[in-house]
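Fold and contact review
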Amino acid sequence: MPAPRCRRCPLPASLRRPRTGDPLCRRCFVAAFEDEAHRALTSGATKKQGDGATAGATGGATVATEPPPRSPKPGQTVAVAASGGKDSTVLAHLLRRLQRRRGCGYRLALLSVDEGIAGYREAALGAVKRARGDLPLLVVSHRELFGWSVDEVAAGLGSGSRCTFCGVWRRQALERGARLLGVDWIATGHNADDIAETVLMNFLRGDVARLRRAATEATGVATEATTAPGGGHKGHPPPPKRLRELRGHQEPQGGQ
């Protein structure tokens, strides 16, 4: 059976997009993917003032706050959390193409974490270094930051899972590395399977707070269901000032 024709050009289709069902050739798929990413970046950076959620204030008054930016502005720096895997590699490649071809105006750097897992991280870091091109790269290690590698802690735990602490350490390592680089944003690569897995895990655990937070971060819209009195997320306190600044968020006037 011959392949269907690409929806956007006369060439035969190479794939059918799961999210839309459209048959596309390789060239048109890449173009559609880049167009969608560019729209997401530019729409987040140019959100109109007054589109923010209304948060309760003291004295019974209500104050409409401007939402924090959801994407980098020209002149800001983005650190791509580069693990050497396919998701972060595609993300770095995509942001680089958009930077060069569409004049997005942000600066890029790569940030990698060496967890100290023998036989695993060496090869992955080698892949990052080979694919980095001319992008600056900073590698931070768990041993340098915390005094222990993952293998050393795992040896002390015996049969316990190293994933329990490794994910927490990796997140802290990325935040510390971002401060060392002086960047405004950290970009992490995920695919649809990752997001579906996270939603299902939180659902099965009954973790309503994380489900609410994920919905707010995905849509950029805070509703009565996701926002507690005072502007914080229900079941999840607002992040500290240093983390909001690292993510590129702006502190409201008078914020502590």
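First things first, this report covers the structure right here in the doc. (Residues numbered from 1 in each chain as written. Predicted model: local features only at pLDDT ≥ 70, side-chain atom pairs only at ≥ 80, totals over all residues. Heavy atoms only, no water.)

1. Description of the state of the cysteines
- All chains considered together, the criterion is met by zero disulfides.
- Cys28 supplies the cysteine sulfur nearest to Cys6, a cysteine that is in no disulfide, at a spacing of 3.7 Å.
- Summary of cysteine pairing: Cys28 is not part of a disulfide, and the nearest cysteine sulfur, belonging to Cys25, is at 3.5 Å.
- Judged by relative accessible area, Cys28 falls into the buried class, the value being 9%. (Disulfide = S-S within 2.5 Å. Buried < 20%, exposed > 50% of the residue type's maximum accessible area, 1.4 Å probe, protein only.)

2. Quick look at the sheet that holds strand S8 (residues 185–187)
- The strand order across the open sheet built from four strands is S7-S6-S5-S8, with neighbouring strands paired in parallel fashion. Either end of the sheet is taken by a strand with one partner, and the two such strands are strand S7 (137–141) and S8. Put simply, the sheet's adjacent strands are angled 30° from each other on average, direction ignored.
- Pairing geometry for strand S5 (residues 77–81) and S8, over three bridges, is parallel. Counted as the bridge partner of Val80 is Ala187 from S8.
- Taken strand by strand, helix H2 (residues 86–101) contacts S5, strand S6 (107–114) and S8, and its axis lies near 155° from that of S5. (Pairing = 2+ DSSP bridges. Helix = DSSP H or I, 4+ residues; strand = E, 2+ residues; numbered from the N terminus. Axes fitted to C-alpha atoms, helices over the stretch in contact; angles between N-to-C directions. Contact = heavy atoms within 4.5 Å.)

3. A closer look at the pairing of S6
- Burial within S6 is extensive, with six of its eight residues counted as buried.
- Handedness of the crossover joining S5 and S6 through H2: right-handed.
- Relative to S7, S6 runs parallel, the two being bridged by five bridges. Paired with Asp114 across the two strands is Ser141, which belongs to S7.
- Read as a crossover between parallel neighbours, the route from S6 over helix H3 (residues 121–131) to S7 is right-handed. (Right-handed = clockwise from strand over helix to strand, strands pointing away.)

4. Some remarks on the nonpolar core
- Val78, Val80, Leu95, Leu98, Tyr106, Leu108 and Leu110 are the most contacted members of the largest nonpolar core, which totals 18 residues.
- Broken down by element, this core gets its largest block of residues, five residues, from H2.
- Ignoring any residue separated from it by four or fewer positions in sequence, one finds Val78 in contact with Pro72, Leu95, Tyr106, Arg107, Leu108, Ala109, Trp185 and Ala187.
- In this structure, Val113, Leu174, Ala178 and Val183 belong to the second largest nonpolar core, which totals nine residues. (Core = buried A, V, L, I, M, F, W, Y, C linked by side-chain atoms within 4.5 Å.)

5. Description of the packing of aromatic side chains
- With the rule as written, the count across this model stands at two aromatic pairs.
- Ring centres of Phe29 and Phe33 lie 6.2 Å apart, and the angle between their planes is 20°; this geometry places the pair in the stacked category. A residue pair is termed a helical-turn pair when its members lie 3 or 4 positions apart in one helix, as Phe29 and Phe33 do in helix H1 (residues 26–45) at four residues.
- Classification of Phe29 as partly exposed rests on a relative accessible area of 27%. (Phe/Tyr/Trp six-rings, centres within 6.5 Å; stacked < 30°, edge-to-face > 60°.)

6. Comments concerning helix H5 (residues 150–157)
- Buried residues of H5: Val150, Val153 and Ala154, and no others. Around the axis of H5, the buried residues are gathered within 100° of arc, so they sit on the same side. Facing away from the buried side of H5 by over 90 degrees, the exposed positions are Ala155 and Gly156.
- Considering only its buried residues, H5 is in contact with helix H4 (142–146) and helix H6 (163–181).
- Positioned one or two residues after H5, Gly158 has a phi angle of 75°, which is positive. (Arc of directions from axis to C-beta.)

7. Here's the deal with the pattern of salt bridges
- Under the criterion given, the structure shown has 13 salt bridges.
- The partner of Glu36 in a salt bridge is Arg19, and the shortest N-O contact between them spans 3.2 Å. One end of the pair, Glu36, is in helix H1; the other, Arg19, is in the loop between strand S1 (15–16) and strand S2 (23–24), with 17 residues separating them in the sequence.
- We classify Glu36 as partly exposed; its relative accessible area is 24%.
- Put simply, Arg121 and Glu115 hold a salt bridge, and the shortest N to O gap is 2.6 Å.
- Among the residues examined, Arg121 registers a relative accessible area of 5% and is labelled buried.
- Accessibility expressed as a relative area gives 1% for Glu115, which makes it buried. (Salt bridge = Lys/Arg side-chain N within 4 Å of Asp/Glu carboxyl O.)

8. Considerations on helix H7 (residues 192–205)
- Its 14 residues place the ends of H7 20 Å apart at the C-alpha level, agreeing with the 20 Å of an ideal helix rising 1.5 Å per residue.
- Summarising burial for H7: one of the 14 residues are buried, a small minority.
- The opening residue of H7, the one whose side-chain oxygen lies 3.0 Å from the backbone nitrogen of Asp193, is Asn191.
- The first or second residue beyond H7 is Gly206, which carries a positive phi of 70°. (Expected span 1.5 Å × (residues − 1). Polar contact = N/O pair within 3.5 Å; in protein donor to acceptor, adjacent residues only side chain to side chain.)

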